Amino acid sequence: MRKLFRFSHLGLVVLLAVFTMGSADTAVRYNDLGHKMMCVCGCGQVLIECNHLGCPDSDGELTELRAALSHGKGDTEILEAFQAKYGPTVLAAPMLTKFNLVAWFVPPVVLLLGIAGTIALVRKWKLRTVAMPPASNVREFDRIRDQIRKETEL
């Protein structure tokens, strides 16, 4: 009986949490998306915090944002629509796309591969031995060396 009572309380708490999250969802999404976009008037401020006196654009953008949220559009869909209408400068930070991932991660990876390749090449060159010519007739060598010395003396 006591376990049933605990499970019923747990179910009630979970149900209450689910309903309260849904009611604040639009306000939270509005605030979150408003901070992910910039005002397009040129003031350089985040959309929801634009305090530019007489701003001709922020009210229109905020109205569009409210309308998109009331129509039930997703966050990515809203951001893409704003980007399509106002250009990529409307986003406070670039969206996570495949191209952006490649642009951020490929250069450091190529640099690290180049460093690793250089280290491997230097180690290989360092370990390589140079073949010495076989020792030839020493008397002949001494004779030629002496001849060269005599001819080069002043």
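Up top you'll find the structure we're talking about.
This one's a predicted model, so the numbers in the text were calculated from it and none came from an experiment.

A. Fine view of the overall build of the protein chain. From N to C terminus, the protein chain includes six helices and zero strands. Sequence-ordered secondary structure for the protein chain, helices as α and strands as β, is α-α-α-α-α-α. Burial analysis of the protein chain (154 residues in total) assigns 15% to the buried set. A separation threshold of at least 6 residues defines the contact pool for the protein chain, and within that pool the share at least 24 residues apart is 40%. Of the roughly 12,800 Å² that the protein chain leaves accessible, carbon and sulfur atoms contribute 66%.

B. Highlighting the packing of helix H2 (residues 25–36) against helix H4 (residues 75–86). Direction vectors running N to C along H2 and H4 enclose 35°, while the axes themselves pass 11 Å from each other. In terms of crossing hand, the pair formed by H2 and H4 is right-handed. Across the interface between the two elements, Arg29, Asp32, Leu33 and Lys36 of H2 pack against Asp75, Ile78 and Leu79 of H4.

C. Quick look at the nonpolar core. One finds Leu33, Met37, Leu65 and Ile78 to be the most contacted residues of the largest nonpolar core, which totals 14 residues. Of all the secondary-structure elements, those providing two or more residues to this core are H2, helix H3 (58–70) and H4. At four residues, H3 tops the list of elements feeding residues into this core. Look past the residues within four positions of Ile78 in its chain and what remains in contact with it is Arg29, Leu33, Leu65, Ala68, Leu69 and Lys73.

D. Structural context of the packing of H2 against H3. Here H2 crosses H3 at 140°, and the two axes come no closer than 11 Å. In terms of orientation, H2 and H3 fall into the oblique class. The chirality of how H2 crosses H3 is right-handed. Every residue of H3 that contacts H2 at Thr26, Arg29, Tyr30, Leu33 and Gly34 is listed here: Leu62, Leu65, Arg66 and Leu69. Class assignment of the residues belonging to the contact of H2 with H3 gives a composition of five nonpolar, two polar and two charged.

E. The arrangement of the side chain of Arg29 in detail. With respect to the secondary-structure elements, Arg29 resides in helix H2. Excluding anything up to four places from it in sequence, Arg29 contacts Leu69, Lys73, Gly74, Asp75 and Ile78.

What counts, and at which threshold
Residues numbered from 1 in each chain as written. Predicted model: local features only at pLDDT ≥ 70, side-chain atom pairs only at ≥ 80, totals over all residues. Heavy atoms only, no water. Helix = DSSP H or I, 4+ residues; strand = E, 2+ residues; numbered from the N terminus. Buried < 20%, exposed > 50% of the residue type's maximum accessible area, 1.4 Å probe, protein only. Contact = heavy atoms within 4.5 Å. Areas by Shrake-Rupley, 256 points an atom, 1.4 Å probe, with all protein chains shown as cover. Axes fitted to C-alpha atoms, helices over the stretch in contact; angles between N-to-C directions. Left-handed = near helix turned anticlockwise from the far one by under 90°. Core = buried A, V, L, I, M, F, W, Y, C linked by side-chain atoms within 4.5 Å. Parallel < 35°, antiparallel > 145°, perpendicular 65-115°, else oblique. Nonpolar A, V, L, I, M, F, W, Y, C, P; charged D, E, K, R; others polar.

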